Amino acid sequence: PVPTDKPAALPETDLASRIEAEVPAEVDEEFKSAAQEAYGKSRGWTNEFNKYGGEYGLPENLLIAVAMAESGGRPGVGSSKGARGLMQFMPATARGRGLIVTDPASKDPALDERLDPTKSIKAAAWKLSRDLKKVDGDIAAALMHYNWGAGNYRKWLKDPNRKMPEETRMYITRVRYAMLIAAQARQKKAQQ
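Residues numbered from 1 in each chain as written. Predicted model: local features only at pLDDT ≥ 70, side-chain atom pairs only at ≥ 80, totals over all residues. Heavy atoms only, no water.

## A word on the overall build of the chain
A count of helices and strands for the chain gives nine helices and zero strands. Along the chain, helices (α) and strands (β) appear in the sequence α-α-α-α-α-α-α-α-α when read from the amino end. By the burial criterion, 44% of the 192 residues in the chain qualify as buried. Across the chain, the fraction of contacts at a sequence separation of at least 24, relative to all contacts at a separation of at least 6, is 62%. Per element, the accessible surface of the chain, about 10100 Å² overall, is 53% carbon and sulfur. Once the 30 positive and 25 negative side-chain charges of the chain are each reduced to a mean point, those two points are 3 Å apart. (Helix = DSSP H or I, 4+ residues; strand = E, 2+ residues; numbered from the N terminus. Buried < 20%, exposed > 50% of the residue type's maximum accessible area, 1.4 Å probe, protein only. Contact = heavy atoms within 4.5 Å. Areas by Shrake-Rupley, 256 points an atom, 1.4 Å probe, with all protein chains shown as cover. Lys, Arg positive; Asp, Glu negative; His and termini not counted. Charge placed at Lys NZ, Arg CZ, Asp CG, Glu CD.)

## With respect to the pattern of salt bridges
A complete count under the given rule lists 12 salt bridges for this structure. The salt bridge involving E113 is made with K119; its shortest N-O contact spans 2.7 Å. R169 is paired through a salt bridge with E166; the nearest N and O atoms lie 2.6 Å apart. With R169 and E166 both in helix α9 (residues 166-191) and three residues apart, this pair spans about one turn of that helix. Among the residues examined, E166 registers a relative accessible area of 44% and is labelled partly exposed. (Salt bridge = Lys/Arg side-chain N within 4 Å of Asp/Glu carboxyl O.)

## Remarks on the side chain of T173
As for its position among the elements, T173 is in helix α9. Within the local environment of T173, its side chain forms a polar contact with the backbone oxygen of P24, the two atoms lying 2.8 Å apart. Discounting residues that sit within four places of it in the chain, T173 has contacts with V23, P24, A25, E26 and V27. (Polar contact = N/O pair within 3.5 Å; in protein donor to acceptor, adjacent residues only side chain to side chain.)

## Brief notes about the packing of aromatic side chains
In the structure shown here, the tally under the stated rule is three aromatic pairs. Arranged with centres 6.1 Å apart and planes meeting at 55°, the rings of F89 and Y146 form a pair that is tilted. Taken together, the residues F89 in the loop between α4 (62-71) and α5 (91-96) and Y146 in helix α7 (residues 139-148) connect sequence positions 57 residues apart. Note that R18 overlies the ring of W156, its terminal NZ or CZ placed 3.8 Å from the centroid. (Phe/Tyr/Trp six-rings, centres within 6.5 Å; stacked < 30°, edge-to-face > 60°. Lys NZ or Arg CZ within 6 Å of the ring centre and 35° of its normal.)

## Here's the deal with the packing of helix α3 (residues 46-55) against α4
To characterise two packed helices, one gives the angle between the axes of the helices and the distance between these axes. Running from N to C, α3 and α4 point in directions that differ by 125°, and their axes come no closer than 8 Å. With respect to α4, the axis of α3 lies oblique. In this structure, α3 contributes F49, Y52 and G53 to the contact, and α4 contributes L63, I64 and A67. Among the residues making up the contact of α3 with α4, the classes are represented as five nonpolar, one polar and no charged. (Axes fitted to C-alpha atoms, helices over the stretch in contact; angles between N-to-C directions. Parallel < 35°, antiparallel > 145°, perpendicular 65-115°, else oblique. Nonpolar A, V, L, I, M, F, W, Y, C, P; charged D, E, K, R; others polar.)

By themselves, these figures tell us nothing about what the structure is for.
Printed below as a string of structure tokens:
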């Protein structure tokens, strides 16, 4: 049998309720104050976000919002845990998508393809599309996959007492907020 990430006895409405019970309604002030700048930096890849978001059937603004929350729109950044690039891929995840990964000291996108915004966006679109399919289109659950990993998500589903880490809770809220920022900017541009 093919393993699924769906809970055996947890109806979808309960899944959504459980996620909402853990995820803060308001974005943190640090991200709120940085969101417009992150949007401005991420906009440089609007064509790629639109192309791959459409190709993989993603909700509008999801890819740019993930870039805003992950890297602040900066393709050359890395995390202390080893994630790198605009979409902040960990080495194993990036290699699983066929991206070349180098040692952390390399800042050359030709050597570490996580630093190549186009390749990173395409890989993120594929991953988010796959994650959304696994969770019947629940964006928050797919973001848990993206940020916390599918294995942790499955453990969380099985244990009603297990809580998401603070980072993941805030991540979901930040991506939601970033999607609103991007939607407002698109609406404003369309009205001009």
